[in-house]
Amino acid sequence: NYLSTAGSIDRHIMSKVATVTPGAAPASRAVAIRRACRSTTFAQNGSRDCEGSQTVFQVATRGIAAISMTALLSFGAVDTEPAMAALSNPNTRLPRNGVAALRRAVPSVNTDAGEIQGRLEEAAYLLRIPQRKPWGTMGDDVKSSLGIVRDRRAKLLETVPPGEAKTTAEATIAELDQLLTELGDIAGSQDVERFDIGVAMALDATSRLRVLQAPGLPFDVPRRYDSLPRLTGRATVDLTVRKNGPDTFGFVNGEETKTAMLRVIVDGYNAPLTAGNFIDKVHNGQYDGIRIKRSETALIVDPSPDDRDQNLPLEVKPIDDYEPRYRSPLNVMGAEELPTLPLSVNGSLAMARGIEDGTSSATQFFVYQFDKRSAGLGGLAFEEGEFSVFGYVVKGEEEGFLSQLTTGDTIVSAKIVEGYDRLLNATTRSAPPVSVEGPTGADAVVKAPTE
């Protein structure tokens, strides 16, 4: 609770440091220390309120590098056309993690909240300058953001529906006020590590506020797809995964474990049909007990090879468009278009291609294993714009669980944690029993990225 007392950024750091398990094995203890300055808020936005491994309080040795999410949170601060910048600049500031991608993909319902986020994104980016940092500009960004919070409070609440959402929004604005107040003081003292943590926390609060301001879809789904399941916001899904045979994920809190959890945020704002189809199938248990197949660039999940004739329209929303395009891939390299939900993020979720042009599979999905070292121009995946991306892994990727999954490992269960109430046109199929011994589709040949 950041609002409990002054110094909330520092108290947040110390509260996380206190959770490090002294008796943990070296590998898991390193993970715990690396995560000590980070807590994660997974509601509708999948954003993180703190990112980084810090040595401010000597909780880690100097050999543990500080991990900063905020180095990647600056796309919204670019004034040039986003697609042109991406295609012309090999150091393009595309999001490189799912948290940043999701934050930037929230519909721009409230311009004041968007301005706050843009200024904080800029401050986070300027912090990454290796030489002398422009503290004056960074401090001005924080000061301007605080001015908006205090002077335009009524406007920030305008689009929030009454009831619980408005109460939560009011608390979030108060939280943001305190964080920005502290962050201004930190900018004045030019403390890099504390500013890194504080700006990430402020970005998280801003993201949660923007989600509250966008309670539904800002566009209408085409009539021909009106009967399909669709998600009118965001949902959270936990995938419990298990290693095959004697393999394990290593030591977690001092104990060797064969199971781990991947948390996924599914985005119906930008892919309502694809996201709705996925949440509907998760609710019906269709991904429980399914084995994974690994290709060179993806983890492929194929629950029912017999249902490959079930297709969805390809659904991709360009970053500059108001609504998604259907049955038409983006020409990223030729037409300078970028999707709002980029594939070029490690841990992005997308449906495999359907059997017909302009379609996606309704059952097969994959988790993309992005490696910028093998990316194309501007750091983009060669397949960018060709798949219906509908969400991102926001927990389990940094911990190393995602990278350890391989062919033969199992999704023990997929459970909806939050957001099922935003699913329209849900089907009513009983969930099958969970089985980790009888997988289906392990050897299926699917049309997902392979190179």
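Anything mentioned here points back to the structure above.
Notes on the structure in this doc start here. (Residues numbered from 1 in each chain as written. Predicted model: local features only at pLDDT ≥ 70, side-chain atom pairs only at ≥ 80, totals over all residues. Heavy atoms only, no water.)

## Considerations on the layout of surface pockets
Point 1. Approximately 760 Å³ is the volume found for the largest pocket.
Point 2. Along the wall of the largest pocket there are 34 residues; nearest its centre are Arg 104, Val 106, Ser 108, Arg 210 and Ile 319.
Point 3. Among the elements that make up the lining of the largest pocket, the one with the highest residue count is helix α5 (residues 111-126) (six residues).
Point 4. Its residues placed into classes, the lining of the largest pocket shows 17 nonpolar, nine polar and eight charged. (1 Å grid on protein atoms, 1.4 Å probe; cavity = no way out; pocket = protein on both sides within 12 Å on 5 of 7 lines; lining within 4 Å. Points joined across faces, edges and corners; volume = space filled by probe spheres on them. Helix = DSSP H or I, 4+ residues; strand = E, 2+ residues; numbered from the N terminus. Nonpolar A, V, L, I, M, F, W, Y, C, P; charged D, E, K, R; others polar.)

## Some remarks on the packing of helix α6 (residues 135-151) against helix α8 (residues 164-189)
Each packed pair of helices is defined by two parameters, the angle between the axes and the distance between the axes.
Point 1. With their axes 9 Å apart at the nearest point, α6 and α8 run at an angle of 155° to one another. In terms of orientation, α6 lies roughly antiparallel with respect to α8. In the packing of α6 onto α8, the handedness of the crossing is left-handed. Across the interface between the two elements, Trp 135, Gly 139, Val 142, Ser 145, Leu 146, Val 149 and Arg 150 from α6 touch Ile 173, Leu 176, Asp 177, Leu 180, Thr 181, Leu 183, Gly 184 and Ala 187 from α8. (Axes fitted to C-alpha atoms, helices over the stretch in contact; angles between N-to-C directions. Parallel < 35°, antiparallel > 145°, perpendicular 65-115°, else oblique. Left-handed = near helix turned anticlockwise from the far one by under 90°. Contact = heavy atoms within 4.5 Å.)

## Section: the packing of aromatic side chains
Point 1. This model, assessed by the stated rule, comprises ten aromatic pairs.
Point 2. Centroid distance Phe 278 to Phe 365: 5.2 Å. Interplanar angle 85°. Geometry classified as edge-to-face. Of the two residues, Phe 278 is situated in helix α10 (residues 272-283) and Phe 365 in strand β12 (residues 359-368); the sequence distance between them amounts to 87 residues.
Point 3. For Phe 278, a relative accessible area of 1% puts it in the buried group.
Point 4. Measuring from centroid to centroid gives 4.8 Å for Phe 278 and Phe 390, while their planes differ by 40°, and the two rings are tilted. Pair noted here: Phe 278 is in helix α10 and Phe 390 is in strand β13 (residues 388-395), with a separation of 112 residues, a long-range link.
Point 5. Ring-pair connections join several aromatic residues into one group, and the members of that group are Phe 278, Tyr 287, Phe 365 and Phe 390.
Point 6. Cation over ring: Lys 243 sits above Phe 249, and NZ or CZ is 5.8 Å from the ring centre. (Phe/Tyr/Trp six-rings, centres within 6.5 Å; stacked < 30°, edge-to-face > 60°. Buried < 20%, exposed > 50% of the residue type's maximum accessible area, 1.4 Å probe, protein only. Lys NZ or Arg CZ within 6 Å of the ring centre and 35° of its normal.)

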